[in-house]
Amino acid sequence: MPESLLQPGYSVMAESEPELSTFENKSGLAEDMKFLASMPELCDVTFLVGDTREPVCAVKAVLAARSRVFHKMLYQAPSPQRKKEPAPRENKLRLFLKRSSEPLLNLQNASQQRGFTQQLAPIQEPASHQHQTLIIEEFEPDVFRQLIEYIHTGCVTLQPRTLLGVMNAADYYGLDELRRACAGFVQCCINVDTVCALLASAERYIQYKCTKSLVQKVLEFVDEHGNEVLNLGSFTLLPQHVVRLILARDELQADEFTKFQAALMWSKKYCDNNPNTFLKDVIGNFLEYIQFHKIPANVLMREIHPLGIVPYSIIMNALAYQADPASVDPGKLSPNRVRRQAHGRSMSVQSSLDPYGSNTTLSSSGSSELASSDGKHSSN
């Protein structure tokens, strides 16, 4: 066997008859198909994806062969159109009179002119062969581009930032093998470096069924590595209600001062991005999830009180409890915990769908509370 053929991506398989062999070059085919999808002039469908309407090109025949959903989307029979009503009789009469008043042309010249016109006339292609442009709003451009790459080449590089979107897109378009691959990758990609990216991406895809199980696994990881996750710089990139969801979990293994520092770090970042906001108002959304009476008195007085962002009554109640637990009503120490015990339900991941058609979000409430989707995060 020549050594030139024994390259990565090449294989020669012997058949039952020794004089026959099968040559494969799958990697070369994948690269050619990837090149095909990257050339708009070679494609016959363009998807305008996401809020920015980024163009993603593809070949309809390839999409239809790989996905029954795309086949139905691209090749389903158009709805029957109503037949055009015949032109009024007076219009036909006027046209006839106009033609009859014109001089007759030489038949030979007319024949030559007709032949010339027929040569120039474009061939009308069937509707299914014409270039189509479709809008895709369900998925982000990076996610949809990875999906199209996989459909054309059978290969895609999974990464935590787009994993959740690709998994749901694969499920949506009926690509079960890709969905299973994403689910398998989840088991090994959840770590301290990726956990916040996974939670942030869940915000957009919470309405899909693949999201809930993944988010629950991520939150379980957060519970087990609470102090590490809360100290991450990427923690400040999470939406406010996701931060509250994490801080409010009974299973979170983190000390209370670390929870306060995480809330403070998030609030400072938010104020930097929103100059008209005040740090005391922003951090106030998280104080009820922090049990200040479990923070040592010297830390309360040296690290927290001088900041002037925690109400004096909260600090005094915490100090009074440490001196005499019976002197303070527990409801004043952890109002969120008391309220949840009264409801009898623990914090969980929910998909709260706004009946007015707004986006769904992660909800930190055990009730069927509707989540705000107007760009502002609601507070309890």
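Look a little higher up for the structure.
Figured I'd write up the structure that's included with this text. (Residues numbered from 1 in each chain as written. Predicted model: local features only at pLDDT ≥ 70, side-chain atom pairs only at ≥ 80, totals over all residues. Heavy atoms only, no water.)

A short note on the environment of C210
- Tracing the backbone shows C210 in helix α10 (residues 209-224).
- Spatially, the C-alpha atoms of C210 and N168 are 6.0 Å apart, while their sequence positions differ by 42 residues.
- Discounting residues that sit within four places of it in the chain, C210 has contacts with L164, M167, N168, D171 and R179. (Helix = DSSP H or I, 4+ residues; strand = E, 2+ residues; numbered from the N terminus. Contact = heavy atoms within 4.5 Å.)

Comments concerning the pattern of salt bridges
- Tallying each qualifying case throughout the model produces 10 salt bridges.
- The salt bridge partner of D142 is R161, with a shortest N-O separation of 3.2 Å. Highlighted residues: D142 in helix α6 (residues 141-153) and R161 in helix α7 (residues 160-172), separated in sequence by 19 residues.
- One salt bridge connects E256 with K259, and the closest N-O pair in it is separated by 3.3 Å. Residue E256 and its partner K259 are both found in helix α13 (residues 256-273); the two are separated by three residues, about one turn of the helix.
- In this structure K259 comes out as buried when scored by relative accessible area, which is 6%.
- Taken together, the shared-partner salt bridges connect E54, D142, R145 and R161 into one network. (Salt bridge = Lys/Arg side-chain N within 4 Å of Asp/Glu carboxyl O. Buried < 20%, exposed > 50% of the residue type's maximum accessible area, 1.4 Å probe, protein only.)

Describing the nonpolar core
- Counting residues in hydrophobic clusters, the biggest one holds 84 residues, and the most contacted among them are F47, F70, F144, I246 and F292.
- Examining the composition of this core, we find that seven residues originate from one element, α10, more than from any other.
- In this view, I246 contacts L199, L219, V222, L230, F235, L238 and L252; residues no more than four positions away in its chain are not counted. (Core = buried A, V, L, I, M, F, W, Y, C linked by side-chain atoms within 4.5 Å.)

Overview of the environment of K34
- Among the structural elements, K34 can be located in helix α1 (residues 26-38).
- By relative accessible area, which is 41% here, K34 ends up partly exposed.
- Each C-alpha atom of the pair K34 and Y150 lies 8.9 Å from the other, and the pair is 116 residues apart in sequence.
- Here K34 is in contact with E149 and T153, once residues within four sequence places are set aside.

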